[in-house]
Structures are given as C-alpha cells and as structure tokens.
Amino acid sequence: MSLSSLAVGDEAVITSIDGDVRFLSRITSIGLTPGSKVKVIKNDRNRPLLLYSRDTMIALNKKECENIKVQEGVA
Amino acid sequence: MIDGKQVIALLGQPNSGKSTLFNGLTGLKQHVGNWPGKTVEKKEGSFVRNGKEYIVADLPGSYSLSANSDEEMITRDYIASGKADAVCILADSSQLERSLFMLSDYAGIDVPCFLVLNLADVAENRGKKINVEALKKHLSIPVVSLSAPDTKKYDELYKCMEEALTKKTVLDASKLEAEYEKIEGYSELKAMIPDGVIKGYSKTWLAAKAIEGDKAVKEAVSQRLAFDDKARFIQIISKSEKGTLATSKCKYDWINSLISEAVVNNESVQPFGKFDKAITHKVWGKPLVILIVIGGLLGSFIPALPFMGIGMGIAALIPPLQSGLLEAGVPNFVAGLICNVLIQSVCYIIQMLGFVFGVTLVFGMLEEIGVMARISYVFDNTMGKLGLQGKSVMPCLVSFGCTMGGAAGARVIDNWGQKVLTIAIAWAVPCGAAWAIIPMLSSNFFGAGALLIIVIILLVMLLHMFVTAKIFGKMLVKKEDRYGIIMELPPYHKPKVGALMRYALGRSKDTFFRVVKVIIPICAIFWLLSYSASGVAEGTILYKVGTFIEPVTKVFGLNWKLFTAYVASSVGKEGAVGVLSALYANTGTIFGAVAGTNAANDMQALITAIPKPEALAFIFAVTFNVPCVVAVAATYQETHSAKWTAIISAYYTVGSLLLAFIAYHIGMLIW
C-alpha cells in the first residue's frame, strides 16, 4: 500500500521507493529509505502528510507519497 | 586559502544551525553576494582568533552532495577548488541518525574536516547522551558538541578547528567503504576509476556517486577512460538502477553503527505539542499563521521605530533648511537638489533601513525558532498552486503593511527563482500607503460605493497575483524545482538574539550601500522632472511631457495632472493625493507633495474637478502601480538582479495602466 493511505497513528515500514535520481536523492537524504520505520502524525486532506522517522518530523507532499510503498506494522 | 588566510567552509543540512553558527562566528564581519554566474546567495565572513584572521565560507544549504541543484554543485565545486582548508560539517544532535547523512555523504572526500554536533541543548532535553570521544575515535576527525546560540562555549570549537587545520584530519571512510563493497558492481567500478579525476574526491566517493547515477561524476570519469573501459563503466552504472537507494542504505547502516556505540538513551520522540497541534490544525492553522505574520509585522515596527523617527526628524528639517539656503543666496536649483534629492533620499533610506532591520530580525527569528517551517506546511497546497513554497505566504501578507518589508522578508525563501517570483507577486498586494489613500479617495468620490471598490480591488489583487505567477513562473521556477514539499519540521530552537541582531545590523549596512545607488538616482530624476524655476507646475518637464503625451494617457483615463500624480505614486503612494491637490488647487509643489511637506490637501477641489470615470481609473492605476522607490530598492537588494527589478517594475507600470484603462471604460459606461 502507499504511504498516503496510512491513517494517523499508524506505524509502517517502507518497502519500496520509486522515482527519478533527483527524487531518490532528496527523499533518502531526509531519512526515508526502504526499511525505514515511519509513524504517521497527521494526514489531513489538502495538506502534506506529516510523519515521524529517524527522530525527525517530516512534511511530505501527497503526490510524492504515491511513489512510496509501505508495509503496515513494525517489522 | 584566500589571500594567505585559512578558510573554513560550513557544510550542513537545513536546520542544522548552520546560519546561526555562521552569524555567531563572524558577527558583523560578513558580506553577502552571489556565486559567480549563479543565482545562489554567497555568504562569506571572517573572524580573528589569537591574532590570526580566518575566512568563513557558508556553503549553500542542501540535504546532500548529489548533483541535482545549483546549490549542491556550488558546494562540490568549492570543495574541489581547494579554497577550503577545512570543512566544518554540522549535524543536529537531537536527530543524529538523519542529520549525520551529510557527514556520510562527505565520507571519501580528502579535504580535512571536523564535525560539530549542534543543538546539544535540545538533545539533552530529550534525554540523549552523546559520547563525543567514541565518535572521534571512529571517525578520526575532531568532534565537538555545541549549542550554537552559546558563543561563550566556542572555545572547544576553535580548538577543533585548529586541530583539523594543523593535523589535516581526514574523515575515516573505511567502514562505510566496507558497506559499499556489498553493492554489486561497486568494486569493479572503483577499480576502473583513474587517479585524480576530481581534486579532493577519492575513488570511494566517486564510485559511490557513479552508482547513484550522478551525472557530473559520470561525465568526469568517462572522459578519462579508454573506449572499452568507458563502455563497461556506463554498463555497470546503467545496471545499478536506483543506486541511490543502495548507497543510502549503506550510509544509514554506517551511521547506525556509529550511533549505537556513541549515543545512549536514543528512545525519545520529538514532542508534537500544543502549538504544533494548533498551527497544523485543519481549520485554525491558516488563521493562526496569518495572526503570527501580522504579529511579526507589528513586532518589526518596534526595532524600526527609532530609525523611522530619525528619518522623519531629518525630513522635518528640510523646509527650514531650504528656506535658509534660499535666503543665504543659494540658487533655487542647488537648494532643491540638496534638500529635495540628497536629504530626502537619505530620509527614505534611513526609514527603510529601520524596517529592513526589523523585518530581518523578527522573521529571521521566526525562521530560526522553526515557525517558518510550520508555515510552509500549512500553506504548501495554497502557494503550491502559484508554483511557490508555503513560506511565500509570509512576504505576501507582510506586503499589506509594506512592500519593502515583504521583499526583505522574502529572504527566508531558499530558492532564488521562488524568491524573485514571491516578491513579484507580493507587489500586487496594496500596501499600507495605498490603504491610507484609496479608501479616502474612494469614499470622497463614490460615497458608499467605496466599499464595493475595495472589494473589487481585493479581487483584482488575487487575479493579478495569479496572472503574475503564470507569466513569471515559467521563467523563474524551473520545472524540476516545482515538486512538492519534502521538508523537515525541525524541533523548536532557542533563537540566538545577539547574533541575529548583529546579523540584521550587518544586513542593514549592506542594504544601505546597495539602495543608495537606486534611490538617489530615482529621486534625482523625479525631482528634475518636477522642477520648475518659477515654482509653478507649468514650468516642469512633467507638464511638458505630460501634456504632450496626454492624447495617449487619456486613453487610460488619465489627463496630464492625473498622470503626473500617477508617476509620483511610483516614488511614494502617500504623495499621490498631495500631488493632485497641488496641481488642481495649488496647495504646494509636486515634489513637496511627495515629500509630505505641502499644505493640507484640498479634497473639495478634486471632487469638483475630476470626473468619476477618471477618478476610478486613477484609483486603480495608483493601487497597482510600482509600490514605491523604496520597494524597488529592497527588491534589488534581495534579488541581487537589476534585470529582474527592472522587469518587475516595467510589468507593474504596464499592468496598472491596463487596469486603469479597463476601470476608465467601465466607468464611462456607468456614469
């Protein structure tokens, strides 16, 4: 499932990330890689997704979230 | 080395406290310019320690050392240029796992470096203990734990710096290399890379970047390879699809192995407190942001007031000085030049500096505390429609008070194109001076209809902003910069008021020298145009030109008097009504009206003399005209581009006349 379909409070592990070199380098440098644990803090309509990963609060545009697939639950 | 002085380059992700450290180290001794041929801001400063002067170069903020943006390429080229004697890498102690990414991306570069674990206070509050000695041992570079706001504790930092410079400490990348070796093709790739492809960058670093599909590295390496090797090199790279994911896994694994030994009690999470809940609220978030910006605008006036007082005080001296000069036998022309151009310009500039100082200080503080990042989140979708980041909402809101403040506030936007576009859009927002004259003019001419006019002005403003974004967006904001927000909401930081104050002062000083070049010539030109030896309006060049082109300006609903007042409004909107009054009812001179030294305005004379459609045209022309000479100067200062300042000014002149044309002809249909 995609990252944006998670609900507030859900925890998940990133399984795959798609995109061009530019996007991959940006998203990994902010701490999101396959295997990262994430927790959703806020998921409001028409707002970026707010999640917590590697001790960091990250705001992420919804469209970009579509390229990030996750497995719910903590591995 | 620059001029025999040793150079320290600061490298860190956004929010690592880099600019705070830069301000803390250099204080007033800094200057801002552009990187040669680029639109990225270049900040350099210096400090003296034990009688020796050091240069500090603030490398552009970026999250990594990839080759995806101008900022990152400038950083890489700077390191390769050999100018930096040591690179100071910053990380946020409270979130080491992510913020050490820059260090891991630096690993493999042979330029000496040292690590600053910033925001130690935040980490401590979250119950994190970092074993600095263990990190030193693993990395074999000097490491220091620091709370950037605390200059008193800089001693440790200086020691680290000196150690890095004298011992030329190079980051030990062997353990990261061991991780890289697990990637398929890495070892073969590394073996193919010849010596010294890019100065300072080791084969380890180049091979990892090649795996990531880094274009610049790919080009530099393949240029040096024989035909067969080149083909093989490119073959390996193209096979390693999504290599960035593989190398970043190595980097985070390496970081985790560092942290597991050096950080204890790594359990706590960043609190999502009451303020965060309120500002990110679905309904209340936006109103709260608007309140914060209004509060910030009012707050900016507090440090600005003394400056404004001084500026106005000097302005008040102009009339007695002028009459004094005339009595002493100084020719009218010379006295006017001294009083109305030189002194008047200085008054404008001092008042402007006060406000630039206030805005830089207050909004710089909001940025440093971490509020600006939240504003970005709240307005991401709205401003995204204009091709801008969420932060851009701030300059637009500030412009309701003062366009110059909006332009100065745009400096928190880290992308140059988006910064220029934001300022261009913010110009469409009628400023405080427009709000002072437009409702007054409207109600005098149209009674209760004034309310409707104000509503229409607000709607036109929104449309104007949208159209401006469409017209300039394509030129200013590259398509690849238009992707959505990927940003950290940093933990709240204590702002370093002292350093910020010094920074704002330095900034104001810098502004002074730049804007003098803009304001004095514009004031001089306008004064020459409005000068007449006899004192009557008919003797001015404005009159001659105005009456000559009147057939054209009439199309826009502006006779020569209205057009003169319109021209005056691009110097300062406050003066527009005064100029009308001077021309229609002889209440003073044109320049006196702009400078605010004329007698009271005669509104009654205006109402009887100006037909309603022309008044309406005038209202729209003035509202959407170039805001004022000071806003032009501030725009030049922030964009560092005379070209774009001129383009935006010309665009607003044409746009306002077009709106006047529409208003005039609609008015003709009504009345």
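Residue numbers restart at each chain and count upward from 1, following the sequence in its written direction. As a convention, the first chain written is A and the first ligand written is 1, with the rest following in written order. Totals for whole chains, interfaces and linings use all residues, but because this is a predicted model, local features are given only for residues with pLDDT of at least 70 and pairs of side-chain atoms are given and counted only at 80 or more. Hydrogen atoms and water are omitted, and side-chain values are computed over all heavy atoms in the structure.

1. Brief notes about the interface of chain A and chain B
No. 1: The partner chain B presents 43 residues to the 32 residues of chain A that form the contact.
No. 2: Note on definitions: buried area is the accessible-area loss of two parts on being combined, 1.4 Å probe, summed for both. When chain A packs against chain B, the two sides together hide about 3,600 Å² of surface, and 56% of this comes from carbon and sulfur.
No. 3: A carboxyl oxygen of Asp or Glu within 4 Å of a side-chain nitrogen of Lys or Arg is what we treat as a salt bridge. In this assembly, chain A and chain B are joined by three salt bridges.
No. 4: Nitrogen and oxygen atoms within 3.5 Å of one another constitute a polar contact, given that in protein one can donate a hydrogen and the other can accept it, and given that sequence-neighbouring residues count only through two side-chain atoms. Along the contact surface separating chain A from chain B lie 20 residue pairs in polar contact (both at pLDDT 80 or more).
No. 5: The numbering of helices and of strands both runs from the N terminus, where a helix is a DSSP run of H or I of at least 4 residues and a strand a run of E of at least 2. Listing elements by their share of the side of chain A that touches chain B, those giving two or more residues are helix H1 (21-29), strand E2 (37-42), strand E3 (49-53) and strand E4 (56-60) of chain A.
No. 6: Broken down by element, the residue count for the side of chain A that touches chain B peaks at nine residues, all from H1 of chain A.
No. 7: Residues are grouped as follows: Ala, Val, Leu, Ile, Met, Phe, Trp, Tyr, Cys and Pro are nonpolar; Asp, Glu, Lys and Arg are charged; all remaining types, including Gly, are polar. When its residues are assigned to classes, the side of chain A that touches chain B shows 15 nonpolar, eight polar and nine charged.
No. 8: Strands are labelled as partners when DSSP assigns at least two bridges between them. Sheet topology places E4 of chain A next to strand E10 (residues 486-489) of chain B; four bridges connect them, and they run antiparallel. Each residue of the ladder has a partner; that of Met57 of chain A, found in E10 of chain B, is Leu489 of chain B. The criterion used for residue contact is that any of the two residues' heavy atoms lie within 4.5 Å.

2. A few points about the domain arrangement of chain B
Reports often express the size of an interface as the amount of accessible area lost when the parts come together.
Residue and element names in this part refer to chain B.
No. 1: As assigned here, chain B comprises domain 1 (6-171), domain 2 (175-264) and domain 3 (510-670).
No. 2: For the domains described, the bounds stem from an automatic or database domain assignment. If you average the C-alpha positions of domain 1 and of domain 2, the two centres end up 24 Å apart.
No. 3: Taken together, the 33 residues of domain 1 in the interface contact 25 residues of domain 2.
No. 4: Between domain 1 and domain 2 the total buried area reaches about 2,300 Å² when both faces are included, carbon and sulfur atoms providing 63% of it.
No. 5: It is Arg76, Glu97 and His138 in domain 1 that bury the most area against domain 2; as a group they hold 23% of the surface buried on that side.
No. 6: Seen at the junction of domain 1 and domain 2, the total is three salt bridges.
No. 7: At the junction of domain 1 and domain 2, the tally comes to eleven residue pairs in polar contact (both at pLDDT 80 or more).
No. 8: Looking at the side of domain 1 that touches domain 2, the elements that each hand over two or more residues are helix H2 (70-81), helix H3 (96-99), helix H4 (101-106), strand E7 (129-130) and helix H6 (132-139).
No. 9: Here the side of domain 1 that touches domain 2 gets six residues from one element, more than from any other, and that element is H2.
No. 10: Residues that form the side of domain 1 that touches domain 2 fall into these classes: 17 nonpolar, nine polar and seven charged.

3. Some words on the state of the cysteines
Residue and element names in this part refer to chain B.
No. 1: Throughout, a disulfide means two cysteine sulfur atoms within 2.5 Å of one another. The full count for this structure, using the stated rule, is zero disulfides over all chains.
No. 2: Cys339 takes part in no disulfide bond, and the closest cysteine sulfur, belonging to Cys347, lies 10 Å away.
No. 3: Here Cys431 is not cross-linked by a disulfide; its sulfur's nearest cysteine counterpart is in Cys628, at 6.4 Å.
No. 4: Burial classes: relative accessible area under 20% of the type maximum marks a residue as buried, over 50% as exposed, and values in between as partly exposed (1.4 Å probe, protein chains only). Judged by its relative accessible area of 9%, Cys431 falls in the buried class.

4. Structural notes on the nonpolar core
No. 1: As used in this record, nonpolar core signifies buried Ala, Val, Leu, Ile, Met, Phe, Trp, Tyr and Cys residues forming a set joined through side-chain atoms within 4.5 Å. In this structure, Leu3, Leu32 and Leu60 of chain A together with Met352, Ile519, Leu558 and Phe618 of chain B are the most contacted members of the largest nonpolar core, which totals 152 residues.
No. 2: Looking at this core element by element, the count peaks at ten residues for helix H16 (residues 332-369) of chain B.
No. 3: Residues contacting Phe618 of chain B, with those up to four places away along its chain left out, are Leu441, Leu558, Leu562, Ala565, Tyr566, Ala576 and Leu580 of chain B.
No. 4: In this structure, Met102, Val132, Ile237 and Tyr252 of chain B belong to the second largest nonpolar core, which totals 67 residues.

5. Details of the side chain of Thr360 of chain B
Residues and elements named next belong to chain B.
No. 1: The residue Thr360 is located in helix H16 in this model.
No. 2: Judged by its relative accessible area of 4%, Thr360 falls in the buried class.
No. 3: Polar contacts involving the side chain of Thr360 include one to the main-chain carbonyl oxygen of Val356, which spans 2.5 Å.

6. Examining the pairing of E3 of chain A
Residues and elements named next belong to chain A.
No. 1: When you tally the buried positions in E3, you get five out of five residues, the bulk of the element.
No. 2: The alternating pattern of E3 places Leu49, Leu51 and Ser53 on one face and Leu50 and Tyr52 on the opposite face, and all of these are buried.
No. 3: In terms of strand pairing, E2 meets E3 through three bridges, oriented antiparallel. Counted as the bridge partner of Lys42 is Leu50 from E3.
No. 4: Where E2 hands over to E3, the hairpin turn is made up of six residues, of which Asn46 adopts a positive phi near 60 degrees.

7. Here we look at unusual backbone geometry
No. 1: Phi is positive for Asn46 of chain A, which is not a glycine, with a value near 60 degrees.
No. 2: Looking at the element boundaries, Asn46 of chain A is found in the loop between E2 and E3.
No. 3: Positive phi outside glycine occurs at Asp3 of chain B, with the angle close to 50 degrees.
No. 4: With respect to the helices and strands, the residue Asp3 of chain B is situated in the segment before strand E1 (6-11).

8. A short note on the sheet that holds strand E5 (residues 68-72) of chain A
No. 1: Ordered by their spatial adjacency, six strands build an open sheet running E5(A)-E1(A)-E2(A)-E3(A)-E4(A)-E10(B), and the pairing between neighbours is antiparallel. The sheet is open, and its two borders are formed by E5 of chain A together with E10 of chain B, each paired with just one other strand. Direction aside, neighbouring strands of the sheet carry axes that sit 40 degrees apart on average.
No. 2: An axis is simply a line fitted to the C-alpha atoms; with a helix, the fit covers only the stretch in contact. Between two such axes, the angle follows the N-to-C directions and lies from 0 to 180 degrees. Packed on one face of the sheet, helix H17 (residues 371-378) of chain B meets E2, E3 and E4 of chain A together with E10 of chain B and runs near 135 degrees to E10 of chain B.

9. A few points about the confidence of the model for chain A
No. 1: Summary of the metric used: pLDDT quantifies the predictor's per-residue confidence within the range 0 to 100. Per-chain confidence: chain A averages 90 in pLDDT, with 97% of residues scoring 70 or above.
No. 2: When mean pLDDT is compared element by element in chain A, strand E1 (residues 11-17) of chain A scores highest at 94, while helix H2 (residues 62-65) of chain A scores lowest at 86.

10. Digging into the environment of Asn15 of chain B
All names here are of chain B.
No. 1: Following the sequence through the fold, Asn15 ends up in the loop between E1 and helix H1 (18-26).
No. 2: Residues in contact with Asn15, not counting those within four places in the same chain, are Asp92, Leu119, Glu488, Pro490 and His493.
No. 3: A distance of 3.3 Å separates a polar atom in the side chain of Asn15 from a polar atom in the side chain of Glu488.

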